Amino acid sequence: MSKNFSLRTLLSSTSLPRNEAHVLMAHVLDKHYQLARTTIISRDEMELNKPALEEWQTLESRRLHGEPVAYLVGKKGFHNIELQVALGVLIPRPETELLVDIALQEIKRIENSTPNPKILDLGTGSGAIALAIANEASNARVIATDQSLEALAIAKLNAKALALETRVEFSQGSWYESLNEKDIFDIIVSNPPYIPAKDPHLIEGDLRFEPADALTDHSTGLSCLEAIILGAKDHLKPMGLLAVEHGYDQSDAVVKLMKTAGLSDIQTYQDLSGHYRVASARK
């Protein structure tokens, strides 16, 4: 008697967490059968054909060896949009949505005086922050920079897939270097590399597979934040807003950098885990 390879059997026998198994199986069903995720529940007796079964087994094995689910399926949801992701870019995280929310709140606050605000996203990666802002604020002009050509290529693909390619401009360079001195903005946002070089988390879990340059500054964890904060006044309008994501234990250091840079109205924000994760300030 042949072995049963039904969805129910495969999902009940895997060592993967239930939510991860369902995401990977939904990817297999969509790729091989163009079937929706609801098939897992409504047709759980369905048996996979050989190509689909091999795909499932490959994905299952790769995930059990630690590869992030987002890289395996090639996409990740973020603040009401879906982004293509690959090994060359950081996987967008829920805590980074805080930056989007802060930017959108500021756009709303200044809409009467500034109907077409200019937004700068430094170190855009997959384009997550820039594209999420543009998706929600159709009146905003967004410029996104990154030093990685590989990351910018993915960001441009995401912009095209979301029909936002005419509303977000991408520029190659480290932090402000691709801008000219006349480029000034209402809002600057950034999720820079902030993990210290010797942090053990860099060789654990999903982080092992993500680009090191997007995670760590190869130093104390504060060098990129310092460059962004100290350079912000040259590219912010009067009362313009800077908001940066930082490590769970870096809030005091980031606030100090903002004070050193002569910024005012400094605010700190907690993520869903209760850690101070974002700081903002004004010129």
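Residues numbered from 1 in each chain as written. Predicted model: local features only at pLDDT ≥ 70, side-chain atom pairs only at ≥ 80, totals over all residues. Heavy atoms only, no water.

Participant: What's the story with the overall build of the protein chain in this structure? I'm lost.
Facilitator: The helix and strand inventory of the protein chain stands at 11 helices and 9 strands. C-alpha extents for the protein chain along the principal axes are approximately 75 × 40 × 35 Å. Going through the 283 residues of the protein chain one by one, you find that 51% of them count as buried. Within the protein chain, contacts between residues at least 6 apart in sequence are counted, and of these 65% link residues at least 24 apart. A total of about 14,100 Å² of accessible surface is found on the protein chain, and carbon and sulfur atoms cover 50% of it. The centroid of the 29 positive side-chain charges in the protein chain is displaced by 2 Å from the centroid of its 38 negative side-chain charges. (Helix = DSSP H or I, 4+ residues; strand = E, 2+ residues; numbered from the N terminus. Buried < 20%, exposed > 50% of the residue type's maximum accessible area, 1.4 Å probe, protein only. Contact = heavy atoms within 4.5 Å. Areas by Shrake-Rupley, 256 points an atom, 1.4 Å probe, with all protein chains shown as cover. Lys, Arg positive; Asp, Glu negative; His and termini not counted. Charge placed at Lys NZ, Arg CZ, Asp CG, Glu CD.)

Participant: I keep staring at the packing of aromatic side chains and nothing clicks. Help me out?
Facilitator: Each aromatic ring pair is characterised by the separation of its centres together with the angle its planes make. Counting across every chain of the model gives 0 aromatic pairs. Cation over ring: Lys118 sits above Phe185, and NZ or CZ is 4.9 Å from the ring centre. (Phe/Tyr/Trp six-rings, centres within 6.5 Å; stacked < 30°, edge-to-face > 60°. Lys NZ or Arg CZ within 6 Å of the ring centre and 35° of its normal.)

Participant: What should I look at first to understand the packing of helix α2 (residues 18-33) against helix α4 (residues 50-64) in this one?
Facilitator: The relative placement of two packed helices is expressed as an angle between their axes plus a distance between the axes. One way to put it is that α2 packs onto α4 with a least axis distance of 10 Å and a crossing angle of 150°. The orientation of α2 with respect to α4, classified from their angle, is roughly antiparallel. Read as a crossing pair, α2 and α4 show a hand that is right-handed. On α4, the residues touching Glu20, Ala21, Leu24, Met25, His27, Val28, Lys31, His32 and Tyr33 of α2 are Pro51, Ala52, Glu55, Trp56, Leu59 and Arg63. In the contact of α2 with α4, the residues fall into 9 nonpolar, 2 polar and 4 charged. (Axes fitted to C-alpha atoms, helices over the stretch in contact; angles between N-to-C directions. Parallel < 35°, antiparallel > 145°, perpendicular 65-115°, else oblique. Left-handed = near helix turned anticlockwise from the far one by under 90°. Nonpolar A, V, L, I, M, F, W, Y, C, P; charged D, E, K, R; others polar.)

Participant: Even after reading the chapter, I still don't get helix α11 (residues 251-260), so can you show me in this structure?
Facilitator: Every α-helix winds through 3.6 residues per turn, so residues three or four apart in the chain are directed the same way. Inspection of α11 places Ser251, Val254, Val255, Leu257 and Met258 among the buried residues, and these make up the whole buried set. Down the axis of α11, the smallest arc covering the buried residues is 155°, so these residues share one side. Counted as exposed and oriented over 90 degrees from the buried face of α11: Asp252, Lys256, Lys259 and Thr260. Buried positions along α11 lie against α10 (223-231), β7 (236-245), β8 (264-270) and β9 (276-282). Count one or two residues on from α11 and you reach Gly262, which has phi positive near 80°. (Arc of directions from axis to C-beta.)

Participant: Quick question: what am I supposed to make of the nonpolar core here?
Facilitator: Most often, soluble globular proteins keep nonpolar side chains buried together rather than apart. One finds Ile107, Leu131, Ile133, Val142, Val168 and Phe170 to be the most contacted residues of the largest nonpolar core, which totals 33 residues. The set of elements that each furnish at least two residues to this core consists of β2 (81-84), α6 (97-109), α7 (128-136), β4 (141-146), α8 (149-161), β5 (168-172), β6 (185-190) and β7. Apart from residues lying up to four places away in sequence, Ile133 is in contact with Val100, Ala103, Leu104, Ile107, Ile119, Val142 and Val189. Counting residues in each nonpolar core, the second largest holds 29 residues, with Ile188, Ile195, Ile228 and Val244 among its members. (Core = buried A, V, L, I, M, F, W, Y, C linked by side-chain atoms within 4.5 Å.)

Participant: So what exactly am I meant to see when it comes to the environment of Ile81 here?
Facilitator: Within the secondary structure, Ile81 is located in strand β2. Put simply, Ile81 and Tyr176 are 95 residues apart on the chain and 26 Å apart in space, counted from C-alpha to C-alpha. Apart from the residues within four sequence positions on either side, Ile81 is in contact with Lys76, Ala128, Leu131, Ala132, Asn135 and Leu162.

Participant: How should the sheet that holds β4 be read in this particular structure?
Facilitator: Hydrogen bonds between backbone groups are what pair the strands of a sheet, and the pairing can be parallel or antiparallel. Strand order across the open sheet formed by 7 strands is β5-β4-β3-β6-β7-β9-β8, with mixed pairing between neighbours. One side of each edge strand has no neighbouring strand; the edge strands of this open sheet are β5 and β8. On average, each strand axis in the sheet is tilted by 15° relative to the strand beside it, whichever way the strands run. Sheet analysis places β8 next to β9, joined by 5 bridges and oriented antiparallel. The partner of Ser264 across the bridge, within β9, is Arg282. (Pairing = 2+ DSSP bridges.)

Participant: Sorry if this is basic, but what is going on with the packing of α6 against α7 here?
Facilitator: Contact pair α6 / α7: the axes reach a minimum separation of 10 Å and the direction vectors enclose 40°. By the angle between their axes, α6 is oblique relative to α7. The handedness of the crossing between α6 and α7 is right-handed. Seen from α6, the contacting residues are Leu99, Val100, Ala103, Leu104 and Ile107; seen from α7, they are Ile129, Ala132, Ile133 and Glu136. Residue classes in the contact of α6 with α7 are distributed as 8 nonpolar, no polar and 1 charged.

Participant: Looking at this structure, how should I read the pattern of salt bridges?
Facilitator: Close approach of charged atoms lets side chains of opposite charge pair. If you walk through the whole model with that rule in mind, you get 13 salt bridges. We note a salt bridge from Glu55 to Lys31, for which the minimum N-O separation is 3.2 Å. Remark: Lys31 occurs in helix α2 and Glu55 occurs in helix α4; sequence separation between them is 24 residues. Residue classification places Glu55 among the buried positions, given a relative accessible area of 18%. For Lys31, a relative accessible area of 47% corresponds to the partly exposed category. In this structure, the salt-bridge partner of Arg141 is Glu169, at a minimum N-O distance of 3.3 Å. Linking Arg141 in strand β4 with Glu169 in strand β5, this pair joins segments that are 28 residues apart in sequence. A relative accessible area of 39% places Glu169 in the partly exposed class. (Salt bridge = Lys/Arg side-chain N within 4 Å of Asp/Glu carboxyl O.)

Geometry only, nothing functional implied.
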